Amino acid sequence: AQRRLVLRTIQKYIVSHVEEICRVSSRDSGKPKVDALLGEVMTTCEKIRCVNMNGELWLKPEYRPTGPMMTHKTAYVEYVPFGVLGVIAPW
């Protein structure tokens, strides 16, 4: 719930500052503003929406079979987010 709130807050900020973000992105990258809107702003907002809708399901533990000799045990895979990561990507 806390992650969802943080992501919603970021998305609200992005949506309320679209013009400024597009202008700065266009100036920094040399892209037209429409490319900044489609490639940066809308992509980011869609990723946030997708994570808000599916993140809880994606991070839910997945149970695995333990085999006949370990019937008294439980095994599962628990997905733990790494937190903030940096991405270096070509333009």
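Remember, predicted model here, so these are calculated numbers, not experimental data.

Draft legend 1. How the structure looks around the overall build of the protein chain. Scanning the protein chain from terminus to terminus reveals three helices and two strands. Seen in sequence order, the protein chain has helices and strands lined up from the N terminus as α-α-α-β-β. Judged by the C-alpha coordinates and their principal axes, the protein chain covers about 65 × 30 × 20 Å. Looking at the 91 residues of the protein chain, the share that counts as buried comes to 12%. Residue pairs at least 24 apart in sequence account for 34% of intrachain contacts in the protein chain once pairs closer than 6 positions are excluded. Total accessible area on the protein chain stands at roughly 7,900 Å², and carbon and sulfur atoms take up 63% of it.

Draft legend 2. Structural context of the side chain of Ser26. Within the fold, Ser26 resides in helix α2 (residues 18-29). Beyond its immediate sequence surroundings of up to four residues, Ser26 is in contact with Lys31, Pro32, Lys33 and Ala36.

Draft legend 3. How the structure looks around the packing of aromatic side chains. A complete count under the given rule lists one aromatic pair for this structure. Aromatic pair Tyr63 and Tyr76: ring centres 5.5 Å apart, planes at 50 degrees, arrangement tilted. In this pair, Tyr63 sits in strand β1 (residues 62-64) while Tyr76 sits in strand β2 (residues 75-77), placing the two residues 13 residues apart along the sequence. The exposure class assigned to Tyr63 is exposed, which follows from its relative accessible area of 59%.

Draft legend 4. Examining the layout of surface pockets more closely. What the largest pocket holds in volume is close to 740 Å³. Along the wall of the largest pocket there are 18 residues; nearest its centre are Arg3, Leu7, Val51, Leu59 and Pro81. Of all the secondary structure elements, the ones that give two or more residues to the lining of the largest pocket are α1 (2-16) and α3 (33-58). It is α3 that contributes the most residues to the lining of the largest pocket, eight residues altogether. Tallied by class, the residues present in the lining of the largest pocket amount to ten nonpolar, four polar and four charged.

Draft legend 5. The nonpolar core, seen in detail. If you look at the biggest cluster of nonpolar residues, it comprises six residues: Ile14, Cys22, Ala36, Val41, Cys45 and Ile48. Ranked by residue count, the leading element in this core is α3, at four residues. Filtering out sequence-adjacent residues up to four positions away, Cys45 remains in contact with Gln11, Ile14 and Val15.

Draft legend 6. Examining the pattern of salt bridges more closely. Applying the stated criterion across every chain, the model contains five salt bridges. We note a salt bridge from Glu56 to Arg4, for which the minimum N-O separation is 3.0 Å. Residue Glu56 is located in helix α3, and its partner Arg4 is located in helix α1; the two are separated by 52 residues in the primary sequence. Accessibility expressed as a relative area gives 58% for Glu56, which makes it exposed. The exposure class of Arg4 is partly exposed, given its relative accessible area of 26%.

Draft legend 7. Looking closely at the side chain of Ser25. Take Ser25: it is sitting in helix α2. By relative accessible area, Ser25 is classed as buried at 17%. The contacts of Ser25, once residues within four sequence positions are left out, are Gly30, Ala36 and Glu40.

Rules and cut-offs
Residues numbered from 1 in each chain as written. Predicted model: local features only at pLDDT ≥ 70, side-chain atom pairs only at ≥ 80, totals over all residues. Heavy atoms only, no water. Helix = DSSP H or I, 4+ residues; strand = E, 2+ residues; numbered from the N terminus. Buried < 20%, exposed > 50% of the residue type's maximum accessible area, 1.4 Å probe, protein only. Contact = heavy atoms within 4.5 Å. Areas by Shrake-Rupley, 256 points an atom, 1.4 Å probe, with all protein chains shown as cover. Phe/Tyr/Trp six-rings, centres within 6.5 Å; stacked < 30°, edge-to-face > 60°. 1 Å grid on protein atoms, 1.4 Å probe; cavity = no way out; pocket = protein on both sides within 12 Å on 5 of 7 lines; lining within 4 Å. Points joined across faces, edges and corners; volume = space filled by probe spheres on them. Nonpolar A, V, L, I, M, F, W, Y, C, P; charged D, E, K, R; others polar. Core = buried A, V, L, I, M, F, W, Y, C linked by side-chain atoms within 4.5 Å. Salt bridge = Lys/Arg side-chain N within 4 Å of Asp/Glu carboxyl O.

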